[in-house]
Amino acid sequence: MSDVAALTSDSHAVVVGGGLAGLRGAEAMRDAGFEGRLTIVGNEPHRPYDRPPLSKHVLTGLLPPDVTRLPSDLDGDVEWRLGVGAASLDRGARTLRLTDGTTLRYDALLIATGTRARPWIHPEEERLPGVFSIRSRDDAASLRAALVARPKRVVVIGAGFIGCEVAAVCRELDLPVCLIDPSPSPLGRVIGSAVGGLIGAVHEGWGVEMRLGAEVAHLEAKGGRFVGVRLKDGGRIEAQVAVVALGAVRNTEWLDGSGLSADSGGIDCDERGFVTDAFGQPDPRIAAAGDVARFPHPLYGGRRIALEHWGHAVAQARHAGRLLAGDASGPVYGAVPNFWSTQGDMVVKSVGLTEGADAVAIVQGDPAERRFVALYGRAGRCVAAVSVDSARWLPAYGHLIETAAPFPPAEAVTDRPSRKIDILDPGFA
Amino acid sequence: MPDDTLLNQIKDPANRPNPYPLYARLRQHPVSLQDDGSPDGVWVASTHGAISSLLGDPRVSSETLPPADRPKTGNPITDFLIKPIRDRIVNNHRPFIFRDPPDHDALRSAVMHQFTSERVQGMRERSDRLVEELLDAKRDVRRFDVVDDLAYPLPVTVICELFGVPREDEPKFHEWATQLASALEPDSLTNDETRAKNSRTFDAIAGYMGDLIKEKRKHRGDDMLSGLANDTTPDGVKMGDYDLIATAVLMLVAGHETTVNLITNGLLTLLRHPDEMERLRADPGRAPRVIEELLRYEPPVQFRLRRAISPIDIAGITIPEGGDILLLLAAGNRDAAVFPDPERFDPDRKGVRHLGFGGSLHYCLGAPLARFEAESALTALARRLTSPRLVEDPPPYRAGAALRGPQHLHVAIEGMGD
């Protein structure tokens, strides 16, 4: 591409964001032959680490929080600015101002600032001892310490993937736990209550108390400590620990005034991966990757989406790193979205996007055996699949989704030779 | 269109020493219809992408074995009463390598449940000792056959001990296993004589196994067969007798007919690449890399058979419903799209995704055994053999095209160290 700025060994590339995407993006620049100065800015004091274990094995105690550091061959080949965040961006001067007041001039910039946990609506309640959220390693260490103290009950506010994982961990630790969500089932917003209900039944089998269709109004305190939640319907649930798991918000505030098109839903990118300004014009020195990047996905008719998925962060960061290093030869980035969630001994995996699905069918396995694949359709096309303890089949469904195969599929599969298939309402609220 | 007789050339014993040029020609088309003498031919998948995709495709069935075939005896009670019942039982209780979910999953999980880490670790140590004993027995020779003297007896002893089969009964298995392994060859689908022989052999081995299982119920040992015969898994699976017999036969046949080729192909490859032999000798810690590369470069199982139960669109063609599929794993292992410079034996490859153990739900259950047995054998051979060289290259090969490996591998040595 003619408008891609060529980097030389005198150039300075800066990565904002010391997480998975930032690290993999920096590595990709090196792999693509960039030999100049490379700086990674991370607002946490730690080198990049892996987050998925934080809501699973770190909480059960199987892994200490400080062992999830991501392996990398970059270590000696990069300048780390850890414990400082990005404060603002001046694209005209090509400088990045950091929260400690210093500035960095860049020739290429990779934005990978990711997300943070969505805060509880009442900030003073969120600061109560006994109230936790999980985003960072330090968050997980604090929550782990609170669980080790064996609280009489834990409430988990929000039954998305993180909430379900935490609830399952509590039961593994034999702690009473109550999962609260306004949807009629866990995971209702992400995979619909038809399949979410099947997963909820597994949680109930483990002894997770469910308060569905319920919303928390307040976190209550006594003696300066969290002691329970008050529901909007007036009910109270006593607990010593609350975990706020309401999803994530994207870290884009620092881009205010930069002229780039960014808001709480992410920073906009063009189809190559360069960020765009308010008029849709790309800045060929700046790319974005990971949770924060909102990009036109070729599989979804170019609709702009931002994905909070581990594998996506890696793949898109590699793409963006190569792009900034001057290698624009690769295909347009557009991998099929996929993610996984480990809840107790159950592994839920997904491929595609369930958003807007109008039908779902159990196409393989049997929910009674806690082993199945659910396929989602939208307007007669396959759009997503969710597996429970059957992940090996997902690549085959990924292919159906990539090719927008007709839904429901007419084909027999090995454990469903009859071709009969029940179409259900996916149950999105 | 590609040459549609490549598969026949692969089956031709004359091409056994080096089928790889044929595989390379097949790879020009990821999936091609090959004439194999059957009315509809067989769909051969030869690229890494096509094979991986079909291995994980729920429309691809492993239930490929033809119905049992026993000759009539002339006795009406046997022929019209006992035989149909027996045929039905055998046809419904195949080993899980030839079964689909959900039955496959339940049977496999019952075996996995017995594969405890203590058992595997115990057999690993046993394997190391066995190798030293087998090589000690050849201490004074200047020439030996790696197949008969090491590569065959090692895995056979390990699997027999793991399953609690008395050592003195092992010779019976040798013949049974060789015959039953032909079920993995493509002709087993079409050749009536092979089918009939396999049915008779299965009856013989099943009779033996049935008795052994009864014995394990009376006098439980700490072997896997005792465990399978007496335990219920946490998922509530307890195998019925017919499934148990089929499973035990599968494990014993697999233990007899596969790792032997990994070890023999391994030594053959190392003798053809003396620098790699020397590097392994100097650093036995390289063994896992060497073995993974061997599983790519010379896999003991070259291909597996499947059947499409629905039409499958792949790589621009459609495999029809009912179509026989041959997954040419060894060809996928030399696909340049996945493995740069694929014809080179290079244990230092990164991120090897070989198909040597298959993939997806039928991924080789015995992989850990195969790995440590090959590691015991190849590290000891590299350490102990002084100036080894091949007496004959290529060596004579066994009949199988699917389970491919030398019949004998005579090696001349100047000495056998400790």
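Anyway, here's the lowdown on the structure attached to this text. Because the structure is a prediction, the values reported are computed rather than measured. (Residues numbered from 1 in each chain as written. Chains lettered and ligands numbered in written order. Predicted model: local features only at pLDDT ≥ 70, side-chain atom pairs only at ≥ 80, totals over all residues. Heavy atoms only, no water.)

So, about the interface of chain B and chain A. Listed as interface residues are 16 residues of chain B and, on the opposing side, 12 residues of chain A. Counting the surface lost from both chain B and chain A, the interface buries some 1300 Å², and carbon and sulfur atoms represent 56% of this. When the buried surface of chain B facing chain A is broken down by residue, B:Pro58, B:Arg59 and B:Pro101 rank first, second and third, together holding 37% of it. Where chain B packs against chain A, one counts two salt bridges. In this structure, B:Arg59 and A:Glu411 form a salt bridge, with 2.9 Å as the shortest nitrogen-oxygen distance. In this structure, the connection of chain B to chain A is made through four residue pairs in polar contact (both at pLDDT 80 or more). The class makeup of the residues in the side of chain B that touches chain A is seven nonpolar, four polar and five charged. (Contact = heavy atoms within 4.5 Å. Buried area = accessible area lost by both parts, 1.4 Å probe. Salt bridge = Lys/Arg side-chain N within 4 Å of Asp/Glu carboxyl O. Polar contact = N/O pair within 3.5 Å; in protein donor to acceptor, adjacent residues only side chain to side chain. Nonpolar A, V, L, I, M, F, W, Y, C, P; charged D, E, K, R; others polar.)

Moving on: the sheet that holds strand β4 (residues 143-145) of chain B. Residues and elements named next belong to chain B. The strand order across the open sheet formed by three strands is β4-β11-β10, and the pairing between neighbours is antiparallel. One side of each edge strand has no neighbouring strand; the edge strands of this open sheet are β4 and β10 (389-390). Relative to strand β11 (residues 410-412), β10 runs antiparallel, the two being bridged by two bridges. Looking at the pairing, Arg-389 lines up with Ala-412 of β11. (Pairing = 2+ DSSP bridges. Helix = DSSP H or I, 4+ residues; strand = E, 2+ residues; numbered from the N terminus.)

All names here are of chain B. Scanning the entire structure with this criterion turns up 10 aromatic pairs over all chains. Arranged with centres 5.2 Å apart and planes meeting at 90 degrees, the rings of Phe-173 and Tyr-208 form a pair that is edge-to-face. Linking Phe-173 in helix α9 (residues 170-180) with Tyr-208 in helix α10 (residues 192-218), this pair joins segments that are 35 residues apart in sequence. The same class applies to Phe-173 and to Tyr-208, which are both buried. These aromatic residues form a ring-pair network of at least three members: Phe-173, Trp-176 and Tyr-208. One residue, Arg-334, lies across the ring of Tyr-20, its end atom 3.5 Å from the ring centre. The side chain of Arg-334 reaches across the aromatic face of Tyr-297, ending 4.1 Å from its centre. (Phe/Tyr/Trp six-rings, centres within 6.5 Å; stacked < 30°, edge-to-face > 60°. Buried < 20%, exposed > 50% of the residue type's maximum accessible area, 1.4 Å probe, protein only. Lys NZ or Arg CZ within 6 Å of the ring centre and 35° of its normal.)

Our next topic: the pattern of salt bridges. Residue and element names in this part refer to chain B. Counted by the stated rule, this structure contains 59 salt bridges over all chains. Here Arg-398 and Glu-257 are joined by a salt bridge, their closest N and O atoms 2.4 Å apart. You can see Arg-398 sitting in the loop between β10 and β11 and its partner Glu-257 sitting in helix α12 (residues 241-257), a full 141 residues away along the chain. For the pair formed by Arg-398 and Glu-257, the shared burial category is buried. A network of salt bridges, in which partner residues are shared, links Glu-132, Asp-136, Arg-139, Arg-383, Arg-384 and Asp-418.

On to the state of the cysteines. Overall, the coordinates contain zero disulfides over all chains when judged by the stated rule. Distance from the sulfur of A:Cys170, which forms no disulfide, to the nearest cysteine sulfur (A:Cys178) is 11 Å. (Disulfide = S-S within 2.5 Å.)

Here B:Asn198 shows up in helix α10. The contact partners of B:Asn198, leaving out residues within four places of it in the chain, are B:Gln179, B:Leu180, B:Ser182 and B:Ala183.

Time to look at unusual backbone geometry. Following A:Phe407, the chain continues into A:Pro408 via a peptide bond in cis, with omega recorded as -5 degrees. Along the chain, A:Pro408 turns up in the segment after α8 (394-402). The step from B:Asp393 to B:Pro394 runs through a cis peptide bond, and the omega angle for that step is 5 degrees. Tracing the backbone through its elements, the reader meets B:Pro394 in the loop between β10 and β11. One non-glycine residue with positive phi stands out, namely B:Asp341, at about 50 degrees.

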